[in-house]
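Summary of the model geometry
The primary structure of each chain is shown beneath.
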Amino acid sequence: VHRPNSGDEGTGPRDGIDEFDAIEAMGTRFVAAARARLPEGPLPPVGEVWIGDDAAVVASGTHAQVLLATDLVVQDVHVDLRLCSVEDVGYKAMMVTVSDLAAMGARPDRALASIVAPPDIDLQQLASGLAEASEACDCVIVGGDLSGGPVVVVSVAVYGALGVGPATGPLLRSGAEPGDRLFVTGPLGGSAAGFRLLRQRLHDRPPGGQELPPSALDRLVLAHRRPRARLDEGEVARLAGASAAIDISDGLASDIGHLARSSGVGISLDAVPVIEGATEEEALHGGEDYELVVATPDPRRISDAYRSAGLRPPVPIGWVTGTPGEMVLRGEPLPPGGWIHRF
Ligand SMILES: [Mg+2]
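Residues numbered from 1 in each chain as written. Predicted model: local features only at pLDDT ≥ 70, side-chain atom pairs only at ≥ 80, totals over all residues. Heavy atoms only, no water.

1. What about the environment of alanine 133?
Structurally, the position occupied by alanine 133 is in helix α3 (residues 123-136). The residues contacting alanine 133, other than those within four sequence positions of it, are Tyr91, Met94 and Met95. (Helix = DSSP H or I, 4+ residues; strand = E, 2+ residues; numbered from the N terminus. Contact = heavy atoms within 4.5 Å.)

2. Remarks on the coordination of the magnesium ion
At the metal site, the magnesium ion is ligated by Asp54 (OD), Asp100 (OD) and Asp247 (OD), and these contacts range over 2.0 to 2.1 Å. Aspartate 100 sits in the buried class, given a relative accessible area of 7%. (Donors = N, O, S within 2.8 Å, 3.2 Å for Na, K, Ca; no water. Buried < 20%, exposed > 50% of the residue type's maximum accessible area, 1.4 Å probe, protein only.)

3. So, the pattern of salt bridges
Under the defined criterion, the tally for this structure stands at 16 salt bridges. Salt-bridge contacts for glutamate 132 lead to arginine 226; the nearest nitrogen and oxygen are separated by 3.1 Å. Taken together, the residues glutamate 132 in helix α3 and arginine 226 in the loop between α5 (214-225) and α6 (231-239) connect sequence positions 94 residues apart. A relative accessible area of 17% means that arginine 226 is categorised as buried. Across the pair aspartate 304 and arginine 307 runs a salt bridge, and its minimum N-O distance is 3.3 Å. Taken together, the positions of aspartate 304 and arginine 307, both in helix α9 (residues 299-308) and 3 residues apart, correspond to about one turn of that helix. Here the salt bridges share partners, and the residues they tie into one network are Asp88, Glu132, Arg225 and Arg226. (Salt bridge = Lys/Arg side-chain N within 4 Å of Asp/Glu carboxyl O.)

4. Regarding the environment of isoleucine 121
Checked against the element boundaries, isoleucine 121 lands in the loop between β4 (107-117) and α3. Given the relative accessible area of 13%, isoleucine 121 is considered buried. Separated by 30 residues in sequence, isoleucine 121 and valine 151 place their C-alpha atoms 9.3 Å apart. Setting aside its immediate chain neighbours within four residues, isoleucine 121 contacts Leu81, Val86 and Val152.

Honestly, that's just the spatial picture; any functional story needs more than this.
Laid out in structure tokens, this is it:
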């Protein structure tokens, strides 16, 4: 699930059930159906993680744990083709899916890309974007499906694994402990600010407020059109003893909420790193940054590991607390926000 950067608050009726309740209800139905195939023991089986984390972890048959994730990009919900190219849509669909494996400290291996497109869409451009992202994250596209339809929809499914190195399990949302330090892998709000700038340009409005150098403007636009999955950052954090992680798709405030609920903890933020040209509101609630939020009992070890790997230093943002449901920013309750699909 990721947050469509439309600048509005969500899709669907206000009184409809939200996407999280919808997913939970469907998940319960799927687990019940799984009993026919897996009649004994707990569901999910020990060593597996099903619906509810960034990616599913499966340990089918003789295989070691493998990770599965899928995501959707839908025209006019997640992307506006007046603001980005068809190539960008392909690139983004691949990256946002791979980002869920990055959040588990895993690496993608193979992918399927399924496409719905109206007749006026250049499929070669769409394929170029998908291919460029697949090279950038070292994940081979091996198949998919294609159908005509009223709007562009790209669904990518990836398969991956925990890479080489000392054996540690995947980084789950549920592993954070009170006292852990929280950090993000980079400044936030870039995608939302890039989206805002592109809309201002489209409507021929001045960017308003701030004077930004062209390089900073380009960075924001690129953050919106060409997000990068933080695969190295996720893997290095896992190997350096991180306790939990999630990628920022819905928005920092919303995504740390998912992590806190899964872990049964609270979160106290003391800083929100904002990318140049974005607002704190965009950094907290904008979403689609695809930086990782990581919890760790040993921040020094992670900083050292990032430095050794040549990665940007992790940015401390706060602490995990022992009060479930607590969500504060600089001592004040963190206002809820972020995109929610309703049905
Ligand atoms: Mg995710």
